[in-house]
Amino acid sequence: MYLKRPAAGLSFCLFYLASYFTNKYVLSVLKFTYPTLFQGWQTLVGGFLLHVSWKLGWVEISCSTRSEVLTWLPASALFVGIIYAGSRALSRLPIPVFLTVHNTAEVITCGFQKFVQKEQTSLLKICSVLFLLIAAGCLPWFDTQFDPDGYFWALIHLICVGVYKVIHKLWKTSSLSDLDQQYINYVFSVVLLASASHPAGDLFSALDFPFLYFYRFHSSCCASGLLGFFLMLHTVKLKSITSSWQYAAWSFLAKKAKILPDLGGPWP
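Asks: Account for the packing of aromatic side chains, naming residues and giving values.
Replies: In the structure shown here, the tally under the stated rule is 20 aromatic pairs. Taking the centre distance of 5.5 Å and the plane angle of 85° together, the rings of Phe211 and Phe214 count as edge-to-face. Of the residues examined, Phe214 reaches a relative accessible area of 41% and is grouped as partly exposed. Following the ring pairs from residue to residue traces out a cluster consisting of Phe32, Tyr34, Phe38, Phe209, Phe211, Phe214 and Phe217.

Asks: Account for the nonpolar core, naming residues and giving values.
Replies: Counting residues in hydrophobic clusters, the biggest one holds 35 residues, and the most contacted among them are Phe12, Tyr16, Phe32, Phe209 and Phe217. Residue assignment for this core shows that the elements contributing at least two residues are helix H1 (6–29), helix H3 (66–90), helix H4 (95–103), helix H7 (148–170), helix H10 (215–241) and helix H11 (244–262). Discounting residues that sit within four places of it in the chain, Phe209 has contacts with Leu30, Lys31, Phe32, Tyr34 and Phe217.

Asks: How would you summarise the confidence of the model for the protein if you had to cite specific residues and measurements?
Replies: Residue-level pLDDT values for the protein average 88, and 92% of them are 70 or greater. The element-level mean pLDDT for the protein is lowest in H11, coming to 71, with helix H2 (residues 35–55) highest at 97. Here residues 263–268 is a poorly scored stretch, pLDDT under 50, and it has 12 contacts once near neighbours within four places are set aside; other chains count.

Reading the values: rules and limits
- Residues numbered from 1 in each chain as written.
- Predicted model: local features only at pLDDT ≥ 70, side-chain atom pairs only at ≥ 80, totals over all residues.
- Heavy atoms only, no water.
- Phe/Tyr/Trp six-rings, centres within 6.5 Å; stacked < 30°, edge-to-face > 60°.
- Buried < 20%, exposed > 50% of the residue type's maximum accessible area, 1.4 Å probe, protein only.
- Core = buried A, V, L, I, M, F, W, Y, C linked by side-chain atoms within 4.5 Å.
- Helix = DSSP H or I, 4+ residues; strand = E, 2+ residues; numbered from the N terminus.
- Contact = heavy atoms within 4.5 Å.
- pLDDT = per-residue confidence, 0-100.

So, in structure tokens, the structure goes:
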């Protein structure tokens, strides 16, 4: 398959791989399982860097009206659900299992296009979505390390991802750009996760984390925030310079490249 923009696509794959493996390291190896703090840190770093990039003129973010911001807030709430549930699930499930469930979100978007928007859907796409659904449905029966909590959070994650994609598709004609939406997501996430860290018990529980003062924990958290931000930028850039099927091809390539090394990895 011929993929346009190889430099942008390869950069996207590189940051995709590095971001997921860094997150997996923090969650499963260091076992920093305090999602309100970990995801709050990542969104804080992402929001800060995006704001600085905007002020320096490196990216363009429009000054949206209050009504546009308020209208997008339900999607921002789903974004929080995506990263929170994803963090919970990724800390308990192997990467191949997590990705298989994650990809099943396409069932929601395909079903919306087919039955709500009455769009023509190719037989190939229907078959691929059904295959994803069957594969995800079979996972609990063949998973020798079955973790019900991990699958529960993965299910919440895929629902949030699917509904978020539907809302994003409906907002294509909006004056909000992808960076505008992500900026709102970052701000909303930081406020909500910071507010939830105490009621969730993460704020004080993290004080007993055994690697709290270790450099590898600090460096991994810094890397996760930076990599998440650069992955977001490269995702937006790749979507803007390629067609939908070309972006899907690069995304598929990144996910396959991420699964292969994990098959023999030491993580649970």
